[in-house]
Amino acid sequence: MARIRVSILQRIVPLACHRVLVIDPGRRQLKLLLAESRLGRFRIIHRQAISVPDDDALDPDEMRQHMALLAPELGVHQTAIVLPQHKAITQTIDVPHNYIQAPRDYLVAEARKLSGLSEEELAVAFTPLQPWGTLSHPYVLSFCKRKELDLLIDQFAPENSENPDESNQLVEITTTAQGLIAASRTLTPAPLNAVLVDLGAKETTVVILLDGQGVFATSFEGGTDNFTRALLQTGRTTAEEAESLQRSTDLFHAPNTVEPLVEAVTKWHRELSRCITEWLDDNHDLRIVPGDLPVYLAGGGAAQRGLIDYLNALGPIRFQCWPSPTTAEPADNFWVASGVARVALGKEPGSLSFLPKNYHQQHAKRTLWEVVQAVVLVLVLCVALLLALGTWQHSKALAHKRQLIAQTTSALESARVVGELMQQLGAGYAALRPIMVRRGQTITTLQSWTAVNQVRTNNDYWMVLFADNLSYLEGTAAQQTPTNQPPLAAAQSYLNPGRNAEFVTEVCIPQQGEPARRILSQFVFSLKALGVFSKVDELPTERKREIVDPRVMISNQVYGVSMEMPIPLSLAGDDSELRRYSPPGLIRKLPTSASLEERADALTPTATSTNR
């Protein structure tokens, strides 16, 4: 036999994947069935039938050796054993009301009464049922001899199965009837009122279902061995030939009718009918007749050709083979093992169990350990999930930071390029600014000179000097230089953004005293009336300079007039826009208007002079 692979889920999370090996010991065969429940889904993995000697006695030592050799091939699994129905007695007992809270004492006493054995000699199992018929608190009671159960455990229980650390433990011992009941619930639709029959080699097990629950179970002598012996009486040489002929040929109808076989089957049918009829007579209040209970025939004998049709012709009881299941595919003689596997895997709660108390405790400890292991695994998975989520969030944040760094680096590079362009622009503007300032100076000077020349009067006076304020304060006349030639220093300009351009003119008035003062006042008034100058006033004495050639004036008859003209920003070379968008390094290099004003104010002398 090829080794059966153990699933990864069973190794990691045993609670989510259980495997159980069902051992069904029969008179002719030892049936083994390996089933699995993985995440609640039941399936059959392996089936095997082992022939046993005809001496009707299985040597415990030989069976243990054989199972020890077979266990490694089947992988990690638990073990369940089928207790043959003929070794147990099953009854339905109605527990009195005063024993409802603790029915065990009453049921054990009933088992002792029915068996005639002491409590130490008995193995008792029971399970409650739903009320039916006249029974208000029914229990299914099943008991067998203690030595029969111990022998079964000694033969088939795995070694060290009492150790909770061992995965191969004995987890269930139940009867053939319980296996049939559990298997019937896998049918579609599941039978409610029916008779389940397992036709074995030497015994036949009978179970009666009422509303889907097993209310009666028994067994009687007689099975396929009787059919085979009847065929051997006709001259068949071997039992194997007789069994093969039964499966391949209809021996119940002409032209191949075998009378000894027909008589053996008829006798078996009478015994089965007697079991059913006696139970119906004991429960006549149910008003059920034998024809109301369909009989589901299982076991190796059910595969005989023509058997079902012949049985249906014998009486009102209707026979049929088990329908094809939806979740498993056992052969006819593996239905009992399939049902016991479902019981052992927890698929059929409420089934009675002959498992000794110490095995129950070890199994409970093992289950608790599996639960703890599953909880720890879930916690580890949760922690791993949280760590993965945190790592993902941190990686996402890191990627975002890297993106921001890249954007910032790009912005800084763009700012550096813009700064270089602004420096180039500022350098070009710094080169052009003196020309623009000089241009503004020329324009304002010409505008002022034109305005002064527009003064018309009949008074006797003449102008002897016209100069900008800065040149006048320096005490020199304006240079005759080309207008496009820039000055040597920015401080020589008298044009400052936001301030007025100031000019000084000197007039020579021949008259003296009050007439000269009146002519000077008329001259100042005429300049104001032009609307060109924002302020016109006589030049204070402390600001007078002796610049004019004495040959063109009359001594002590020269008067100075100060004129202020508002300067448009476009003519003054305003650099406010440049400073707004220029980098700090360039701004520090450009001279401010305030610095020019301070330089101009610093050139103002403190000496005084009188009018000439």
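Provided above is the structure to which this section pertains.
From a predicted model like this one, the values you see are computed outputs, not experimental measurements.

About the cut-offs
Residues numbered from 1 in each chain as written. Predicted model: local features only at pLDDT ≥ 70, side-chain atom pairs only at ≥ 80, totals over all residues. Heavy atoms only, no water. Buried < 20%, exposed > 50% of the residue type's maximum accessible area, 1.4 Å probe, protein only. Helix = DSSP H or I, 4+ residues; strand = E, 2+ residues; numbered from the N terminus. Arc of directions from axis to C-beta. Contact = heavy atoms within 4.5 Å. Pairing = 2+ DSSP bridges. Axes fitted to C-alpha atoms, helices over the stretch in contact; angles between N-to-C directions. Core = buried A, V, L, I, M, F, W, Y, C linked by side-chain atoms within 4.5 Å. Patch = residues over 30% accessible without salt bridge, like charges linked within 9 Å, V, L, I, M, F, W, Y side chains within 5 Å. Areas by Shrake-Rupley, 256 points an atom, 1.4 Å probe, with all protein chains shown as cover. Salt bridge = Lys/Arg side-chain N within 4 Å of Asp/Glu carboxyl O. Lys, Arg positive; Asp, Glu negative; His and termini not counted. Charge placed at Lys NZ, Arg CZ, Asp CG, Glu CD.

**Comments concerning helix α7 (residues 239-248)**
Where α7 is concerned, the buried positions are A242, L245 and Q246. In a view along the axis of α7, the buried residues occupy a sector of 100 degrees, so they form one face of it. The inward-facing, buried residues of α7 abut α6 (224-232) and α8 (259-282).

**Some details on the sheet that holds strand β9 (residues 194-199)**
Taken in spatial order, the 5 strands line up as β11-β10-β9-β12-β13 in an open sheet, and their pairing is mixed. Looking at the sheet topology across the chains shown, the edges are occupied by β11 (213-221) and β13 (319-321). Mean inter-strand twist for the sheet, computed between neighbouring axes without regard to direction, equals 25 degrees. Two strands pair when backbone bridges link them, and strand β10 (residues 203-210) and β11 are joined in this way by 8 bridges, in the antiparallel orientation. Looking across to β11, one finds that L210 is bridged to Q213. Packed on one face of the sheet, α8 meets β9, β10, β11, β12 (295-298) and β13 and runs near 145 degrees to β11.

**Topic: unusual backbone geometry**
Of all residues except glycine, most have a negative phi; of all peptide bonds, most are trans. Cis peptide bonds are those with omega within 30 degrees of zero, and the linkage from T188 to P189 qualifies with -5 degrees. Omega for the peptide link from A254 to P255 comes to 10 degrees, which places this bond in the cis form. As for its position among the elements, P255 is in the loop between α7 and α8. Located in the positive-phi region is L39, a residue other than glycine, with phi close to 55 degrees. Here L39 shows up in the loop between β2 (29-38) and β3 (41-51). Judged by relative accessible area, L39 falls into the exposed class, the value being 66%. Residues other than glycine seldom take positive phi values, yet D211 does so here, at roughly 55 degrees.

**So, the nonpolar core**
Note on soluble globular proteins: their nonpolar side chains tend to be buried together. The biggest cluster of nonpolar side chains holds 69 residues, and the ones touching the most others in it are I173, W268, L297 and F354. In this structure, L297 is in contact with V197, L199, W268, A302, L307, I308, L311, Q320, C321 and W322, ignoring residues within four places of it in sequence. Grouped together as the second largest cluster of nonpolar side chains are 30 residues, A177, L209, Y296 and F334 included.

**Section: a negative patch on the surface**
A cluster of acidic residues, D105, E119, E120 and E121, forms a negative patch on the protein surface. Relative accessible area serves as the criterion here: at 62%, E120 is assigned to the exposed category.

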